[in-house]
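Structural characterization, general
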Amino acid sequence: MSAIDCIITAAGLSSRMGQWKMMLPWQQGTILDASIKNALQFCSRIILVTGYRGNELHNRYASHSNITIIFNPDYALGLLTSVKAAAPAVQTEHCFLSHGDMPTLNRDIFLKIWKLRNNGAILPLHNGTPGHPILVSKSCLMQAVKQPNVTHMRQALLMGEHYFVEMENEEIILDIDTPDDFINVQKKHAKF
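These notes cover the structure that comes with them. (Residues numbered from 1 in each chain as written. Predicted model: local features only at pLDDT ≥ 70, side-chain atom pairs only at ≥ 80, totals over all residues. Heavy atoms only, no water.)

Now for the nonpolar core. In terms of nonpolar packing, the biggest core is built from 29 residues, with Leu32, Ile36, Ile46, Leu48 and Phe96 touching the most fellow members. Of all the secondary structure elements, the ones that give two or more residues to this core are strand S1 (5-10), helix H1 (31-40), strand S4 (45-50), helix H2 (54-61) and helix H4 (107-114). Residues in contact with Phe96, not counting those within four places in the same chain, are Ile4, Asp5, Cys6, Ile7, Phe42, Cys43, Phe110, Ile113, Trp114, Pro133, Ile134 and Leu135. With 24 residues, the next largest nonpolar core counts Ile7, Ala89, Ala144 and Met153 among its residues. (Core = buried A, V, L, I, M, F, W, Y, C linked by side-chain atoms within 4.5 Å. Buried < 20%, exposed > 50% of the residue type's maximum accessible area, 1.4 Å probe, protein only. Helix = DSSP H or I, 4+ residues; strand = E, 2+ residues; numbered from the N terminus. Contact = heavy atoms within 4.5 Å.)

Attention now goes to the layout of surface pockets. By volume, the largest pocket amounts to about 860 Å³. Thr9, Arg16, Leu79, His99 and Asp177 are, among the 35 residues lining the largest pocket, the residues nearest its centre. Of all the secondary structure elements, the ones that give two or more residues to the lining of the largest pocket are S1, helix H3 (79-86), strand S6 (94-99) and helix H6 (153-158). Sort the elements by how many residues they give to the lining of the largest pocket and H3 lands first, with four residues. (1 Å grid on protein atoms, 1.4 Å probe; cavity = no way out; pocket = protein on both sides within 12 Å on 5 of 7 lines; lining within 4 Å. Points joined across faces, edges and corners; volume = space filled by probe spheres on them.)

We now examine the side chain of Thr92. Relative to the assigned elements, Thr92 resides in the loop between H3 and S6. In this structure Thr92 comes out as buried when scored by relative accessible area, which is 13%. At 3.0 Å, the side chain of Thr92 forms a polar contact with the backbone nitrogen of Asp5. Polar contacts involving the side chain of Thr92 include one to the main-chain carbonyl oxygen of His94, which spans 2.6 Å. (Polar contact = N/O pair within 3.5 Å; in protein donor to acceptor, adjacent residues only side chain to side chain.)

Evaluated as defined, the whole model comprises five salt bridges. Notably, a salt bridge pairs Arg60 with Asp33, separated by 2.6 Å at the nearest N-O pair. Taken together, the residues Arg60 in helix H2 and Asp33 in helix H1 connect sequence positions 27 residues apart. Taking relative accessible area as the criterion, Arg60 reaches 37% and is therefore assigned partly exposed. With a shortest N-O distance of 3.6 Å, Lys112 and Asp108 are connected by a salt bridge. Of this pair, Lys112 and Asp108 both sit in helix H4, four residues apart, which is roughly one turn of that helix. (Salt bridge = Lys/Arg side-chain N within 4 Å of Asp/Glu carboxyl O.)

Here it is as structure tokens:
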């Protein structure tokens, strides 16, 4: 395990899902449990950003010494606000950025991206589709969250030093936004 932080965003409303997705069942736990567990196979600490139903997540994870919980009061304004809320808590030279609704990421994916680390942002792609986790140097992260007039984190990262890396791992694009995603990712994961 490397001394590296991983920001996991879990603040959203899950509006496209029709129900709150973070606590939907996944294997022996929930979608968010799996996303955190998988990241901790490589990273030393999770910076978990909460918002909607934040008290429930705080109660569930507050006793874990390797999880730091940051509440984002502006979560309704989008994902970028969650990364901005978490950035000051980053203590390591590099940091991964991922989402709480990506329960199929594995240690191998984190390791492949970690080996490519540099002073910028490593943005993984699968067949040209942007995925996660993104790896950023702390300086790149701090520069990105200070960019004016941007509405998305990826947009902010593209304004600084960045590198795209094409990966064969489909898991990097398997996030769960809709009921169909939930069914399809479960089916695909059964094959992995």
